[in-house]
Amino acid sequence: MVRVGIVGVGRIIMEWAHWPEYKKLTDICKITAICDIDEKRLKCAGDEMGIPEKYRFTDYNDLIACQEVDVVDIATWNCNHCEIAEAAVAAGKPYSVEKPVGMNYTETKHLYESTEAKGLPSFICLSWRYRSYPRYMRHLVRQGKMGKIFHINVRCIKESGLWAGRCREWRFEKSKASSGVLCDLGSHMIDFLNWMNEDIVGLSANMG
């Protein structure tokens, strides 16, 4: 049984991509500790997951040091990804991290090198891979239904940033999110291309 510690229990964890799937995997893994700087959110998540209060942390270092945690799942603001993952690496614990991995190339490369040096398993969570429609698209491509693919044009049409009354959360702050929508959603598009087909050998981009 793999014991998982989660850092950041916002909507991506609780509603969209992590907790709903963890609940289906009780035979192979168990969430044993959680961490969040928002104590109200921490309590709500802890109560729903059934996490004892002594394993609800507000400092990620305490979660990583916890003897009940084997691996660390990181779903915080982008600006914290690398520092938390680096702490997990220093403790010799494998980790999963939400995309984008880091705020820039330098810190992401350093994390990659640190992880490789320790020989630790790591995983970038690109959750759209696990939705039904991309999996069906991949099935069609891999079965040869689309023929040989030479060129792919990708558009991501999403208007959630314009929803009436939507709070301007951290994703709209460059100091916390870095690249904005390009890495938040564009990373899914790029991942789709490699995951479904062959490796990308060329790229043309038009920025308006």
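Residues take numbers from 1 onward in each chain, read along the sequence in its written order. Given that the model is predicted, a residue must reach a pLDDT of at least 70 before its local features are reported, and side-chain atom pairs must reach 80 or more before they are shown or counted; all residues, however, enter totals for whole chains, interfaces and linings. Each side-chain value is worked out from all heavy atoms of the structure, with water and hydrogens disregarded.

Caption draft 1: Structural context of the overall build of the protein chain. Per the convention used, a helix needs a DSSP run of H or I reaching at least four residues, while a strand needs a run of E reaching at least two, with both numbered from the N terminus. The helix and strand tally for the protein chain stands at 10 helices and 6 strands. Just to be clear, the radius of gyration here is over C-alpha atoms, and the globule rule we use is 2.2 Å times residues to the power 0.38. Against the 2.2 N^0.38 benchmark of 17 Å for 208 residues, the protein chain shows a C-alpha radius of gyration of 18 Å, consistent with a compact globule. Each principal axis of the C-alpha distribution contributes one length, and for the protein chain these read about 55 × 40 × 35 Å. Three labels apply to residues, based on accessible area from a 1.4 Å probe with only protein chains included: buried if under 20% of the type maximum, exposed if over 50%, partly exposed otherwise in between. Burial statistics for the protein chain: of 208 residues in total, 40% are counted as buried. Should any heavy atoms of two residues lie within 4.5 Å, those residues are counted as being in contact. Taking the intrachain contacts of the protein chain between residues at least 6 apart in sequence as the baseline, contacts between residues at least 24 apart amount to 65%. Seen as two clouds, the 28 positive and the 27 negative side-chain charges of the protein chain have centres 6 Å apart. For the purpose of charge, His is not counted, nor are the chain termini; Lys and Arg are scored as positive and Asp and Glu as negative. Charged groups are reduced to one reference atom each: NZ for lysine, CZ for arginine, CG for aspartic acid, CD for glutamic acid.

Caption draft 2: Region of interest: unusual backbone geometry. The step from Lys 99 to Pro 100 runs through a cis peptide bond, and the omega angle for that step is -15°. Along the polypeptide, Pro 100 turns up in the loop between β5 (95-98) and α6 (105-118).

Caption draft 3: Summary view of the packing of helix α5 (residues 78-90) against α6. The axes used here are C-alpha line fits, helices contributing only the stretch in contact, and every angle between their N-to-C directions lies in the interval 0 to 180 degrees. Close contact between α5 and α6 brings their axes to 10 Å; oriented N to C, the two are set at 15°. Looking at the two axes, α5 sits roughly parallel to α6. Seen along the crossing, α5 lies across α6 with a hand that is left-handed. Of the residues in α6, those touching α5 at Cys 82, Ala 85, Glu 86, Val 89 and Ala 90 are Glu 107, Thr 108, His 110, Leu 111, Ser 114, Thr 115 and Lys 118. Partitioned by chemical class, the residues of the contact of α5 with α6 number 5 nonpolar, 4 polar and 3 charged. In this scheme, roughly parallel covers angles under 35 degrees and roughly antiparallel covers those over 145, while 65 to 115 is roughly perpendicular and the rest are oblique. Handedness of a helix crossing follows the sense of rotation of the near helix relative to the far helix, less than a right angle counterclockwise being left-handed and clockwise being right-handed. When residues are grouped by polarity, Ala, Val, Leu, Ile, Met, Phe, Trp, Tyr, Cys and Pro land in nonpolar, Asp, Glu, Lys and Arg in charged, and all others, Gly among them, in polar.

Caption draft 4: Quick peek at the nonpolar core. For our purposes a nonpolar core is just a set of buried Ala, Val, Leu, Ile, Met, Phe, Trp, Tyr and Cys residues, chained together by side-chain atoms within 4.5 Å. Counting residues in each nonpolar core, the largest one holds 40 residues, and the members touching the most others are Ile 6, Ile 31, Ile 34, Met 49, Leu 63, Val 72 and Tyr 95. The dominant element in this core, judged by the number of residues it contributes, is α5, at 6 residues. In this structure, Ile 31 is in contact with Val 4, Ile 6, Trp 19, Tyr 22, Met 49 and Ile 51, ignoring residues within four places of it in sequence. In terms of nonpolar packing, the next biggest core, distinct from the first, is built from 6 residues, Trp 128, Leu 185, Phe 192 and Trp 195 among them.

Caption draft 5: A look at the packing of aromatic side chains. Paired rings are identified among Phe, Tyr and Trp, the last through its six-membered ring, by centres lying within 6.5 Å, and are further divided according to the angle between planes into stacked (under 30 degrees), edge-to-face (over 60) and tilted (the rest). In this structure the tally under the stated criterion is 1 aromatic pair. Look at Trp 128 and Phe 192: their rings are 6.4 Å apart centre to centre, the planes differ by 40°, and that puts the pair in the tilted class. Here Trp 128 is found in the loop between β6 (122-125) and α7 (132-142), whereas its partner Phe 192 is found in helix α10 (residues 186-196), with 64 residues between them in sequence. The ring of Phe 150 carries the charged tip of Lys 148 above its face, separated from the ring centre by 5.9 Å. Think of it as a cone above the ring: NZ of Lys or CZ of Arg counts as a charge over the ring if it is within 6 Å of the ring centre and within 35 degrees of the ring normal.

Caption draft 6: Region of interest: the layout of surface pockets. Only protein atoms enter the 1 Å grid, on which a cavity is a set of points fitting a 1.4 Å probe that cannot get out and a pocket is an open set with protein on both sides within 12 Å along at least 5 of 7 lines, lining residues being those with an atom within 4 Å of a point. Grid points are joined across faces, edges and corners, and a volume is the space filled by probe spheres set on the points. One number sums up the size of the second largest pocket: a volume of about 640 Å³. Every residue lining the second largest pocket is counted, 24 residues in all, and those nearest its centre are Ala 17, Glu 21, Tyr 22, Leu 25 and Phe 123. Those elements that provide at least two residues to the lining of the second largest pocket are β1 (2-7), α1 (11-17), α2 (19-22), β4 (71-74), β5 and β6. Across the lining of the second largest pocket, the residue classes tally to 17 nonpolar, 4 polar and 3 charged.

Caption draft 7: Representation of the packing of α7 against α10. For the pair α7 and α10, interaxial distance at closest approach is 10 Å and the crossing angle is 35°. Relative to α10, α7 is oriented so that their crossing is right-handed. Contacts from Pro 134, Arg 135, Met 137, Arg 138, Val 141 and Arg 142 of α7 reach α10 at Phe 192, Trp 195 and Met 196. Counted by class, the contact of α7 with α10 contains 6 nonpolar, no polar and 3 charged residues.

Caption draft 8: Expanded view of α5. Among the residues of α5, Asn 78, Asn 80, His 81, Cys 82, Ile 84, Ala 85, Ala 87, Ala 88 and Val 89 are the ones counted as buried. As for α5, its buried residues are in contact with β1, α4 (60-65), β4, β5, α6 and α8 (174-177). The first or second residue beyond α5 is Gly 92, which carries a positive phi of 75°.

Caption draft 9: Highlighting the environment of Pro 20. Topologically, Pro 20 is positioned in helix α2. Using a relative accessible area of 22% as the deciding quantity, one classes Pro 20 as partly exposed. Taking C-alpha positions, Pro 20 is 23 Å from Thr 58, a pair spaced 38 residues apart along the chain. Residues within four places of Pro 20 in sequence aside, it is in contact with Ile 13, Met 14 and Glu 15.

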